[in-house]
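Residue-level structural notes
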Amino acid sequence: MKLWMAILCVPLLSISWKANAAIGKVTELINAPPTIQRQNSTLTASKGTGVEMNDAIKTLQGKLGITFEDDTKVQVNENSKLVIDDFVYDPKSKAGKLGAKIALGTVRYASGQIAKNSPQNVALSTPTANIAVRGTDFTATVEELGQSTIVLLPSCPADRPSRSVQDIELNCKTGSIEVSTEVGTVLLNKPFQVTKVNSRTEPPTKPVILNLSESAISNLLILSPPHIVTGK
């Protein structure tokens, strides 16, 4: 009887370890370190700190970048909060699922293998909107009352940070995202298209294209999206 109990304990311990294993890590840190709320504990993150499912990452005067196991990259700006709901990844098939909530502030998302191979399994949200990703980059800015501004960004080579409109057209790729509420959905499929969502009971606004200078385009790849937009 004792032998059977010992054998049964082995897989249970293995499952428990996997459930608490790191699914990514902090790969970039600027200024004040963020905090990670993990169950009943609050951790101070540093470069190399692992992140786990159900972690809530909160920044004040600093920024951080997170790289997940499938190479999904997330940048969290100052005074922001990101909650990781779910992450499963099989490196052999390069498929899995990812769920996260952008609760406050500005977060930039860059697709990894999951969005490229299993886009239907990527579930990103804000307090007022759901975002379906088709292998691309975007930023979402969430105000204190939950209103969300979502900007589609081009996916550009990492070794060329300074860009012009012509450079983006020639060397970058732009995917698409669907932004939806309970009563409507809009498609963003052009670089720097933006929509705003005030409530889950209102449709997203009609997409318009940000009117940007070359310097603003370069900064937008790593910083908050601007608030002034013009239609095209």
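Residues numbered from 1 in each chain as written. Predicted model: local features only at pLDDT ≥ 70, side-chain atom pairs only at ≥ 80, totals over all residues. Heavy atoms only, no water.

What follows deals with the environment of Q39. Mapping Q39 onto the fold places it in the loop between β2 (35-38) and β3 (41-44). Take Q39: its relative accessible area is 71%, and that puts it in the exposed class. Spatially, the C-alpha atom of Q39 lies 9.2 Å from that of A56, the residues being 17 residues apart in sequence. (Helix = DSSP H or I, 4+ residues; strand = E, 2+ residues; numbered from the N terminus. Buried < 20%, exposed > 50% of the residue type's maximum accessible area, 1.4 Å probe, protein only.)

Under the defined criterion, the tally for this structure stands at one disulfide. In this model C156 forms its disulfide with C172; the gap between the sulfur atoms is 2.1 Å. Negative torsions about the S-S bond denote left-handed disulfides, and the value of about 115° found for C156 with C172 makes this one right-handed. With C156 in the loop between β13 (148-153) and α3 (165-171) and C172 in the loop between α3 and β14 (177-180), this residue pair connects regions lying 16 residues apart in the sequence. (Disulfide = S-S within 2.5 Å.)

This part is about the packing of aromatic side chains. Overall, the coordinates contain two aromatic pairs when judged by the stated rule. Look at F68 and F87: their rings are 5.4 Å apart centre to centre, the planes differ by 25°, and that puts the pair in the stacked class. You can see F68 sitting in strand β6 (residues 63-68) and its partner F87 sitting in strand β8 (residues 81-90), a full 19 residues away along the chain. Judged by its relative accessible area of 4%, F87 is buried. (Phe/Tyr/Trp six-rings, centres within 6.5 Å; stacked < 30°, edge-to-face > 60°.)

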